[in-house]
Amino acid sequence: MMSNSVLSRDFASSVVVFLVAIPLCLGIAVASGVPVAMGLISGIVGGIVVGLLAGSPLQVSGPAAGLAVIVFGFVEQYGVAMLGPVLIVAGLLQVIAGFLKIGSWFRAISPAVVHGMLAGIGILIILGQVHVLMGARPAAGGIENVTAMEQTLGRVWGAGLTQESVALLVGLISLLAMVAWEKFRPKPLVLVPGALVGVAAGTILTAGMKLPIARVEVPSSLIDSISLPTLEGFARMAEPGIILATLVIAVIASAETLLSSAAVDRMHDGVRTRFNKELFAQGIGNGLCGLLGALPITGVIVRSSANIQAGARTRASAVLHGVWILGLVVFLPQLLAMVPLTALAAVLLVTGWRLISLHHVRHLFDHHGWVPVGIWTATVAMVVLQDLLVGVALGLALSILEILPYLRRKLAIDRLEDDETIHLDLVGVATCKDVPALLNTLETLPEGRKIRIAGARLHYLDHTSAETLREWLKRQKKSGRLVEIEHPPLGRHRRLKPIFEKLSEEVA
């Protein structure tokens, strides 16, 4: 039974998350090249259905910018009707992955590859949404959007005040309002999201001056916008291109969800994520989105961080935010119809920039040198120049190439306990393939005991394993647990000394 204070915190948090989610649901649908109703339905499913089943109680799910580029290209090639069958199968794959306990393996993916993938997607979103900011339609790929820029700019700088130049002006005002609010917002209004302020500024300006620019097209009824998959669509699921797209959506949605879950765990001291249960919940959600003709969903860090910062305590906040989206669409659709598309493009430009996150590149370089930075760079380049699958595949291949000399060697973790301390002795070589076993050992340690991690018999530690250890140590320090680090002896691999120095700094 929830106390009144917990319920009031969750209620207040749900309103904040709702205000963050609405412009993102609309904008991601526009970026995906589909009707906005599909994004709103995904927001409702992600809130109510996934919120009830989730393995990460404080994570909020919904349509994600990271999948917008994939969906846009898929819809351009196969049509929006094929998205339903693809999501049903992708959701089923996630459910199976959850039952087979594959969730932890997604955490073994190199952080250089994950952040490179997200940065590449961020660049693609920016290249596409710059066109929408100027009232034009984006192309399917990064190179195509660059080459089409001259034509789009030509419309803006045409004779007189064109519709495109008006759209650009509204978009820039929305962008400036959003950035200025996030930089200078007053403390009493710290929970009011910048995206809402930016969209509100563009909407008020457009409506007040009756500007002739494109706005959100909202269906008269949410029921009317539900599009059930057809038998013909399922018959096409055997096509190689559609099979590949299904696998890509399932893998990327799962990886983005579990990356977000790990980040959410670092933000609070409550219940830890049950990764396989979270995969199961996301699979149910995506299957339902496919059945209703909506967008794919993932756990989303922007909404989740807003949820935690607003003081959420239980999953009720995520569920309620889905209820508020449903209520808005049912009772006030005319309000959404006033929003200009260029204001949503401004929101996505900021979202895309945050996905690029050069902070992660600096961190990789400072802690692990040039190799992971090179993997990050190659992943970004291929995502932008070719496609997402090629970029991720190249990043994974380079990650394996980095540890190839050590793949045949394993990590052993010897555990010894006395009255006060649990001793963990790391023996051999730790690479990304050992991350699931390492995490299983660390996350099942009993609370309230001092931990001593010894690297005396460790010969190599790749950057994926090192980052896994670092994140766990940060959580332990935040919880107040005492952790002692014993360094490997001199003469071992040259990377071990600086890595263990950084790990010691985390618990100092």
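Residues numbered from 1 in each chain as written. Predicted model: local features only at pLDDT ≥ 70, side-chain atom pairs only at ≥ 80, totals over all residues. Heavy atoms only, no water.

Topic: the overall build of the chain
Within the chain, the secondary structure is distributed over 24 helices and six strands. Taking 2.2 N^0.38 as the reference for a compact globule, 508 residues should give roughly 23 Å; the C-alpha atoms of the chain span a radius of gyration of 24 Å, in line with that estimate. Over its C-alpha atoms, taken along the principal directions, the chain stretches across nearly 75 × 55 × 50 Å. When burial is assessed residue by residue, the chain has 55% of its 508 residues classed as buried. Of the contacts made within the chain by residues no fewer than 6 positions apart, 80% connect residues no fewer than 24 positions apart. Carbon together with sulfur atoms contributes 66% to the accessible area of the chain, which is approximately 22,100 Å² in total. Placing the 40 positive and 34 negative side-chain charges of the chain at their respective mean positions leaves the two points 3 Å apart. (Helix = DSSP H or I, 4+ residues; strand = E, 2+ residues; numbered from the N terminus. Rg over C-alpha atoms; globule rule 2.2 N^0.38 Å. Buried < 20%, exposed > 50% of the residue type's maximum accessible area, 1.4 Å probe, protein only. Contact = heavy atoms within 4.5 Å. Areas by Shrake-Rupley, 256 points an atom, 1.4 Å probe, with all protein chains shown as cover. Lys, Arg positive; Asp, Glu negative; His and termini not counted. Charge placed at Lys NZ, Arg CZ, Asp CG, Glu CD.)

Some remarks on the pairing of strand β5 (residues 450-461)
Here nine bridges tie strand β4 (residues 421-430) to β5, and the two strands are oriented parallel to one another. Opposite Thr 421, over in β5, you have Lys 450 as the bridge partner. For the crossover that starts at β4, traverses helix α22 (residues 435-443) and ends in the parallel β5, the hand is right-handed. As for the winding sense of the linkage, the β-α-β connection from β5 through helix α23 (residues 463-479) to strand β6 (residues 483-486) is right-handed. (Pairing = 2+ DSSP bridges. Right-handed = clockwise from strand over helix to strand, strands pointing away.)

Details of a nonpolar patch on the surface
Judged by side-chain polarity, Leu 92, Leu 93, Ile 96, Leu 100, Ile 102, Trp 105, Ile 243 and Leu 247 come together as a nonpolar surface patch covering roughly 720 Å² of accessible area. Among the secondary structure elements, those contributing two or more residues to the nonpolar patch are α4 (83-99) and α13 (240-267). Here the nonpolar patch takes three residues from α4, the largest share from any one element. Within the fold, Trp 105 resides in helix α5 (residues 103-106). (Patch = residues over 30% accessible without salt bridge, like charges linked within 9 Å, V, L, I, M, F, W, Y side chains within 5 Å. Salt bridge = Lys/Arg side-chain N within 4 Å of Asp/Glu carboxyl O.)

Quick look at the environment of Val 373
Here Val 373 is to be found in helix α20 (residues 370-385). Linking Val 373 and Arg 362, residues 11 residues apart in sequence, is a C-alpha distance of 8.5 Å. Here Val 373 is in contact with Val 361, Leu 364 and Phe 365, once residues within four sequence places are set aside.

A word on the state of the cysteines
Counted under the stated rule, the structure contains zero disulfides. For the unlinked cysteine Cys 289, the closest cysteine sulfur is that of Cys 25, found at 10 Å. (Disulfide = S-S within 2.5 Å.)

Here's the deal with α4
In a regular helix each residue adds 1.5 Å, so 17 residues correspond to 24 Å; α4 covers 24 Å between its end C-alpha atoms and thus fits that length. Just downstream of α4, Lys 101 is the residue with a positive phi angle, here 60°. (Expected span 1.5 Å × (residues − 1).)

With respect to the packing of helix α9 (residues 163-184) against helix α10 (residues 194-209)
One way to put it is that α9 packs onto α10 with a least axis distance of 8 Å and a crossing angle of 145°. Seen along the crossing, α9 lies across α10 with a hand that is right-handed. On α10, the residues touching Val 170, Ile 173, Ser 174, Ala 177, Met 178, Trp 181 and Glu 182 of α9 are Gly 194, Ala 195, Val 197, Gly 198, Ala 201, Gly 202, Leu 205 and Thr 206. The residue inventory of the contact of α9 with α10, partitioned by class, reads nine nonpolar, five polar and one charged. (Axes fitted to C-alpha atoms, helices over the stretch in contact; angles between N-to-C directions. Left-handed = near helix turned anticlockwise from the far one by under 90°. Nonpolar A, V, L, I, M, F, W, Y, C, P; charged D, E, K, R; others polar.)

Some points on unusual backbone geometry
Of note, the phi angle at Lys 101 is positive, near 60°, even though the residue is not glycine. Along the chain, Lys 101 falls in the loop between α4 and α5. Positive phi values are uncommon outside glycine, yet Lys 210 reaches one of about 50°. Locating Lys 210 in the fold gives a position in the loop between α10 and α11 (222-225).

With respect to the pattern of salt bridges
Two side chains with opposite charge may pair up if their charged atoms get near one another. One pass over the full model with this rule turns up 17 salt bridges. A salt bridge links Glu 501 to Lys 497, with the nearest nitrogen and oxygen atoms 2.6 Å apart. Of the two residues, Glu 501 and Lys 497 are both situated in helix α24 (residues 496-507); the distance of four residues between them amounts to about one turn of the helix. Judged by relative accessible area, which is 34%, Glu 501 ranks as partly exposed. Owing to a relative accessible area of 44%, Lys 497 belongs among the partly exposed residues under this scheme. Residues joined in a network through salt bridges with shared partners are Lys 450, Arg 452, Glu 484 and Glu 486.

Looking at the UniProt feature "transmembrane region" (unreviewed entry) in the chain
Taken from the UniProt record, the annotation "transmembrane region" (unreviewed entry) applies to residues 12-31, 78-100, 112-136, 156-177, 189-209, 242-264, 323-353 and 373-401. The span residues 189-209 carries 76% helix and 0% strand; its end-to-end C-alpha distance comes to 28 Å. Between the first and last C-alpha atoms of residues 373-401 the distance is 14 Å; the span itself is 93% helix and 0% strand. (UniProt positions renumbered as here; feature names shortened; annotations may be inferred.)

Description of the packing of helix α19 (residues 358-368) against α20
Two elements in contact, α19 and α20, have axes whose closest approach is 7 Å; the angle formed by their N-to-C orientations is 150°. Our classification of the angle between α19 and α20 gives roughly antiparallel. Residue-level inspection shows Leu 358, Val 361, Leu 364, Phe 365 and His 368 of α19 in contact with α20, the latter providing Trp 370, Pro 372, Val 373 and Trp 376. Taken together, the residues that form the contact of α19 with α20 break down as eight nonpolar, one polar and no charged. (Parallel < 35°, antiparallel > 145°, perpendicular 65-115°, else oblique.)

As for the side chain of Thr 421
Here Thr 421 shows up in strand β4. In this structure Thr 421 touches Leu 416, Arg 449, Lys 450, Ile 451 and Arg 452, once residues within four positions along its chain are discounted.

Remarks on the side chain of Ser 61
Summarising the element assignment, Ser 61 is placed in strand β1 (residues 60-63). Using a relative accessible area of 3% as the deciding quantity, one classes Ser 61 as buried. Among the polar contacts listed, one links the side chain of Ser 61 to the side chain of Gln 282, at a separation of 2.8 Å. Setting aside residues up to four positions removed in sequence, Ser 61 forms contacts with Gly 43, Gly 46, Gly 47, Val 50, Glu 278, Gln 282, Thr 298, Gly 299, Val 300 and His 321. (Polar contact = N/O pair within 3.5 Å; in protein donor to acceptor, adjacent residues only side chain to side chain.)

Remarks on the nonpolar core
Ranked by internal contacts, the top residues of the largest apolar core, which has 94 residues, are Ile 325 and Leu 388. For this core, the leading source of residues is helix α1 (residues 4-31), giving 12 residues. When residues no more than four places from it in sequence are discounted, the contact partners of Leu 388 are Ile 70, Met 117, Ile 121, Val 248, Ile 252 and Val 383. Listed in part, the 22 residues of the second largest apolar core include Trp 472, Ile 499, Phe 500 and Leu 503. (Core = buried A, V, L, I, M, F, W, Y, C linked by side-chain atoms within 4.5 Å.)

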